[in-house]
Amino acid sequence: MPAVLTSSPLTPSATAIPHDISAAIPSPSVSSFQLGPLTIHFYALCILVGIIIAIVLTNRRLTARGVEDWQVLDIATLAVPMAIVFARIYHVITHYTDYFGPGRNPWNIFEPGSVWAIWEGGIAIFGSLIGGTLGAWIMCRRRGLKLTTLLDALAPGLILAQACGRFGNWFNQELFGLPTTLPWGLEIDPGNSAIPLGTPPGTLFHPTFLYEVIWNSLGALVLLYLSRKIFFQWGRLFAVYLMWYGAGRIVWESIRIDPSFVILGLRTNVWGAIGAVALGVIIMAVQYKRHPEPEESPFIPGREPQPADD
């Protein structure tokens, strides 16, 4: 059975060396604001901005391949909700002790800590990739569009959307890394329940959100450059995305201190990241063997749009 990682030991350097806070990154003092009777969470706004960026960029890339303008919106009507639902399911399954057991309240939506309370945080990118891809496949079949074309068009926007989403972790003061003496360490409010017991006051933490923002932004530039090459069609650009994102996520997950299941010495999300890299390698190898030729059309053979009669 997997063990539960409840805390991470402090490194000796975190307690022995004074912190240089000259360049320390402050955490926001608020994570939401009121709009009439509604509470608007910055976490949700970051995700929404990311979705908009991904849709707009993907639309531009698809129309350049000859797909009808804004057809991506039709695909998003199913892919985005399924991505969110699967992201929440994945998180709840991999953190089920946070929701089930004595004193927990998993099903009452009107009480904090329920499985439905996605506004409290707790979604997983690997779950969203599964759900979003499934929803996209369904809609692509209905629209006569090749899934590989869509995924290649989506890859740069998707990794940019993930960069935007990480700012939500910053607002929520969550998913930060081990204590650090680096000057760009992240300041966390002393009362944060995610801080390990025994941590000295004023300790700084690795800003894993910022590491991933930088890594993902660089990845978007790499993907946009590679997309100009004919070779990176037939899903091979999306394979590069999986390998790039997964490689970075292996590192960030390895230094995070939030509780997580550990299997064979690794956090579940590290295994998920390793799986993403492996899947990217498999897609690259299989598609290179199956489709060495250029992807001439974005449409499924026989499903090409017919020109209107004069």
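Here, every reference points to the structure presented above.
Along each chain, the written sequence defines residue order, and numbers are assigned to residues from 1. This being a predicted model, a pLDDT of at least 70 is required before a residue's local features are given, and a value of 80 or more before pairs of side-chain atoms are given or counted; all residues contribute to the totals for chains, interfaces and linings. Based on all heavy atoms of the structure, the side-chain values leave hydrogens and waters out of the count.

### Comments concerning the overall build of the protein
Then, number 1: Each helix and strand in the protein was counted, giving 8 helices and 7 strands.
Then, number 2: Within these notes, the globule rule equals 2.2 Å times the number of residues to the 0.38 power, and the radius of gyration is based on C-alpha atoms. Relative to the globule expectation of 19 Å for 310 residues, the C-alpha radius of gyration of the protein, 21 Å, shows essentially globular dimensions.
Then, number 3: Dimensions of the protein along its principal axes, counting C-alpha atoms only, are 75 × 40 × 40 Å.
Then, number 4: Exposure is judged per residue with a 1.4 Å probe applied to protein chains only, and the accessible area is read against the type maximum: over 50% gives exposed, under 20% gives buried, and values in between give partly exposed. Looking at the protein as a whole, 44% of its 310 residues qualify as buried.
Then, number 5: Here a residue-residue contact requires only that any non-hydrogen atoms of the pair lie within 4.5 Å. Across the protein, contacts joining residues at least 24 apart in sequence account for 73% of those joining residues at least 6 apart.
Then, number 6: Areas reported here follow the Shrake-Rupley algorithm with a probe of radius 1.4 Å; residue values treat only the protein chains shown as occluding. A total of about 16200 Å² of accessible surface is found on the protein, and carbon and sulfur atoms cover 69% of it.
Then, number 7: We treat Lys and Arg as the positive residues and Asp and Glu as the negative residues; His and chain ends play no part in the count. Where a charge lies is defined by one atom per residue type, namely NZ (Lys), CZ (Arg), CG (Asp) and CD (Glu). Within the protein, one finds 19 positive and 20 negative side-chain charges whose respective centroids are separated by 8 Å. Helix numbering and strand numbering both begin at the N terminus, where a helix is a DSSP run of H or I of at least 4 residues and a strand a DSSP run of E of at least 2.

### Considerations on the nonpolar core
Generally speaking, soluble globular proteins have nonpolar side chains that are buried together.
Then, number 1: The set of buried Ala, Val, Leu, Ile, Met, Phe, Trp, Tyr and Cys residues whose side-chain atoms join them within 4.5 Å is what this entry labels a nonpolar core. The biggest cluster of nonpolar side chains holds 23 residues, and the ones touching the most others in it are Phe-126, Leu-129, Leu-223, Phe-238 and Tyr-241.
Then, number 2: Of all the secondary-structure elements, those providing two or more residues to this core are α4 (125–143), α5 (147–172), α6 (208–226), α7 (236–255) and α8 (268–290).
Then, number 3: Broken down by element, the residue count for this core peaks at 7 residues, all from α7.
Then, number 4: Among residues more than four places away in sequence, those in contact with Tyr-241 are Leu-129, Ala-155, Leu-158, Ile-159, Gln-162, Leu-223 and Gly-246.
Then, number 5: If you look at the next biggest cluster of nonpolar residues, it comprises 14 residues, including Ile-75, Ala-76, Ala-136 and Cys-140.

### A short note on the environment of Gly-113
Then, number 1: Note that Gly-113 resides in the loop between α3 (71–94) and α4.
Then, number 2: Take Gly-113: its relative accessible area is 24%, and that puts it in the partly exposed class.
Then, number 3: In sequence terms Gly-113 and Gly-168 are 55 residues apart; their C-alpha atoms lie 19 Å from each other.

### Some words on the packing of helix α2 (residues 42–64) against α5
Then, number 1: Note on geometry: axes are C-alpha line fits, over the in-contact stretch for helices, and angles between N-to-C directions span 0 to 180 degrees. Interaxial distance between α2 and α5 falls to 8 Å at its minimum, and their mutual angle equals 165°. By the angle between their axes, α2 is roughly antiparallel relative to α5. Two packed elements cross with a definite hand, and for α2 against α5 that hand is right-handed.
Then, number 2: Under the scheme applied here, ten amino acids are nonpolar (Ala, Val, Leu, Ile, Met, Phe, Trp, Tyr, Cys and Pro), four are charged (Asp, Glu, Lys and Arg), and all others, including Gly, are polar. Looking at the contact of α2 with α5 residue by residue, the class counts come to 19 nonpolar, 8 polar and 2 charged. When describing relative orientation, an angle under 35 degrees is termed roughly parallel and one over 145 degrees roughly antiparallel, while 65 to 115 degrees is termed roughly perpendicular and anything else oblique. For any pair of crossing helices, the crossing counts as left-handed if the nearer helix is rotated counterclockwise from the farther one by less than a right angle, and right-handed if it is rotated clockwise.

### Some details on unusual backbone geometry
Then, number 1: One non-glycine residue with positive phi stands out, namely Trp-70, at about 65°.
Then, number 2: With respect to the helices and strands, the residue Trp-70 is situated in the loop between α2 and α3.
Then, number 3: A positive phi angle, close to 55°, is found at Leu-264, a residue other than glycine.
Then, number 4: Checked against the element boundaries, Leu-264 lands in the loop between β6 (260–263) and β7 (266–267).

### Considerations on the pairing of strand β2 (residues 32–35)
The side chains of a regular strand alternate between both faces of the sheet.
Then, number 1: The pairing of β2 with strand β3 (residues 38–41) spans 4 bridges and is antiparallel. By the bridge assignment for β3, Leu-35 is matched with Leu-38.
Then, number 2: Pairing between strands is defined by DSSP: at least two bridges between them are needed. Between β2 and β3, which follow one another and run antiparallel, lie 2 residues, and Gly-36 among them has a positive phi close to 65°.

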